[in-house]
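# Examining the three-dimensional arrangement
The chain contents come next:
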Amino acid sequence: MQLITRDQLGWPPSAAPDQATTLGVKIHYEGTPVSTDLLTDHDRCVQEVKNIRESHLANKQENYADIAYNYLACPHGYLFEGRGIGKRTGANGNQPLNRAHYAICGLVGSDGLTEPTPEMLNAIRDGIDLLQANGAGGEIRGHRDGYATDCPGEPLYAWVQAGAPRPGGTSTPPVAQPPADQPARYETTVGGLAYGYGAHGNQVTEVGRALVARGFGSHYAVGPGPDWSDADTLNYADYQRSLGYSGSDADGVPGPDSLRRLLGYLPGEQPPFPGTEYFGPGQSNDYIRQLGERLVAKGFGSHYAVGPGPTWSEADRENVQAFQEAQGWSGGDADGYPGPETWRRLWS
């Protein structure tokens, strides 16, 4: 997946209303002439997406909260983050339809550039798979399904009616099966974060620690870290088999169901508050590290000398207190010890 995020586009977080689930995804096109210059100049694609957002925000009749689509796809195979995951679309014609399906727009139009490239179809399929892994149901429709419009144009609609297959004939990309003695080596995306061989980031460390906490860390030589390795895959496969998965469903690469069962939540969701007893002097657990990492992400980590850790320290208390005071709290409500409301606001 070649994803261009809102941050990379210079956009703030989407102001669109939240919506965690839909029946599926609807496919759109621009509905106006689109220049064929996009085929040879990717910078024009970037500007096209920015222009669409500007035009939507300027449309006072529709009163868009943001660009109307959850994602957009260009002829070069890039997927642009519009409203993104978990946001109600503004593209399907009316609020009941918007609540029913998320929306992806291919950068083709009614004239000029009208035929989607194979790369664009792959990018749209990436967006469909991403949304289906994060709340969208299995329906794949065109905008014209249930609404009087020519959108998404004949070429894109024919592809939708064929089941939205990836170029080459399959609706989802085939995953090469590794040799029997080699762990699976591919990457997937859940909740906008990468997992599987080659993935990097705090989310990888979090999975490793959760596996160890549940007794599935036997393949680590030195413990979990931020780079997904074969050891992570082997440990995760052991965990998947403990849930009753088998075959390719237990290949060691996370899916939404097993990841939610491991962590208690999916990336992008608020983790449940564990209880006040986990925080304070003498306590050491991964909830403290999770709290500290969230404080840093929210800009309240100035009291850490070397960063968050699993053992409660005065720096944790001072950072929590700074966050609580920023909420307008004082006295006992800003004592530096997290409660359910502090926890909720940290993830809001």
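Located above this text is the structure these notes cover.
Nothing here was measured: the structure is a model prediction, and the numbers come from that model.

Take the overall build of the protein chain next. Per the secondary structure count, the protein chain includes eleven helices and eight strands. Scaling as 2.2 N^0.38, a compact globule of 348 residues should have a C-alpha radius of gyration of about 20 Å, and the protein chain matches this with 23 Å. Relative to its full complement of 348 residues, the protein chain shows a buried share of 45%. Summarising the internal contacts of the protein chain: among those between residues at least 6 apart in sequence, 59% fall at separations of at least 24. Accessible surface for the protein chain amounts to roughly 16,200 Å². Of this, 47% is attributable to carbon and sulfur atoms. In the protein chain, 26 side chains carry a positive charge and 41 a negative one; their mean positions are 5 Å apart.

As summarised here, the arrangement of the six strands in space is β1-β4-β3-β5-β2-β6, forming an open sheet in which the pairing is mixed. Of all strands in the sheet, those with a lone pairing partner are β1 (2-4) and β6 (136-142), marking the two edges. Sheet twist, expressed as the mean angle between neighbouring strand axes with direction ignored, is 25°. Bridge count for strand β3 (residues 71-73) against strand β4 (residues 78-81) is three bridges, and the pairing is antiparallel. Paired with A73 across the two strands is L79, which belongs to β4.

Tallying each qualifying case throughout the model produces 18 salt bridges. Between D66 and R6 there is a salt bridge whose closest N-O contact spans 2.7 Å. Residue D66 is found in the loop between α2 (42-58) and β3, and its partner R6 is found in helix α1 (residues 6-9); the two are separated by 60 residues along the sequence. Using a relative accessible area of 0% as the deciding quantity, one classes D66 as buried. Two residues, R344 and E341, come together in a salt bridge whose shortest N-O distance is 2.6 Å. In this pair, R344 and E341 are both assigned in helix α11 (residues 340-346), three residues apart and thus about one turn of the helix distant. Its relative accessible area of 38% is what places R344 among the partly exposed residues.

Now for the packing of aromatic side chains. In the structure shown here, the tally under the stated rule is ten aromatic pairs. One aromatic cluster in this structure is built from F273, F279, W312, Y337 and W343. Positioned over the ring face of W11 is R53, at 4.9 Å from the centre of the ring. Geometry around Y197 places R185 over its ring, the cationic atom sitting 4.8 Å from the centre.

Our next topic: the pairing of strand β5 (residues 101-106). Of all six residues in β5, six are buried, a share of seventy percent or more. The alternating pattern of β5 places H101, A103 and C105 on one face and Y102, I104 and G106 on the opposite face, and all of these are buried. Bridge count between strand β2 (residues 22-28) and β5: five bridges; the pairing is parallel. Its bridge partner being in β5, V25 is matched across the sheet by Y102. Summarising the sheet, β3 and β5 pair through three bridges and their orientation is parallel. The residue bridging A73 from the neighbouring strand is G106, located in β5.

Take T89: it is sitting in the loop between β4 and α3 (95-100). Taking relative accessible area as the criterion, T89 reaches 1% and is therefore assigned buried.

Okay, unusual backbone geometry next. That bond from C151 to P152 is cis: its omega, 15°, falls within 30 degrees of zero. With respect to the helices, strands and loops of the structure, P152 is situated in the loop between β6 and α5 (154-161). Its identity as a non-glycine residue notwithstanding, A164 has a phi of 55°, on the positive side. When you line up the elements, A164 lands in the loop between α5 and β7 (187-190).

Side chains three or four residues apart in an α-helix point the same way, a direct result of the helix having 3.6 residues per turn. The first and last C-alpha atoms of helix α9 (residues 286-297) sit 17 Å apart over twelve residues, in line with the 16 Å expected at 1.5 Å per residue. Taken together, the buried positions of α9 are occupied by I288, R289, Q290, L291, G292 and L295. In this fold, the buried residues of α9 make contact with α6 (202-213), α10 (314-326) and α11. Sitting at the amino-terminal end of α9 is N285, which places a side-chain oxygen 3.0 Å from the backbone nitrogen of Y287.

Conventions and cut-offs
Residues numbered from 1 in each chain as written. Predicted model: local features only at pLDDT ≥ 70, side-chain atom pairs only at ≥ 80, totals over all residues. Heavy atoms only, no water. Helix = DSSP H or I, 4+ residues; strand = E, 2+ residues; numbered from the N terminus. Rg over C-alpha atoms; globule rule 2.2 N^0.38 Å. Buried < 20%, exposed > 50% of the residue type's maximum accessible area, 1.4 Å probe, protein only. Contact = heavy atoms within 4.5 Å. Areas by Shrake-Rupley, 256 points an atom, 1.4 Å probe, with all protein chains shown as cover. Lys, Arg positive; Asp, Glu negative; His and termini not counted. Charge placed at Lys NZ, Arg CZ, Asp CG, Glu CD. Pairing = 2+ DSSP bridges. Axes fitted to C-alpha atoms, helices over the stretch in contact; angles between N-to-C directions. Salt bridge = Lys/Arg side-chain N within 4 Å of Asp/Glu carboxyl O. Phe/Tyr/Trp six-rings, centres within 6.5 Å; stacked < 30°, edge-to-face > 60°. Lys NZ or Arg CZ within 6 Å of the ring centre and 35° of its normal. Expected span 1.5 Å × (residues − 1). Polar contact = N/O pair within 3.5 Å; in protein donor to acceptor, adjacent residues only side chain to side chain.

None of this, on its own, says anything about what the molecule does.
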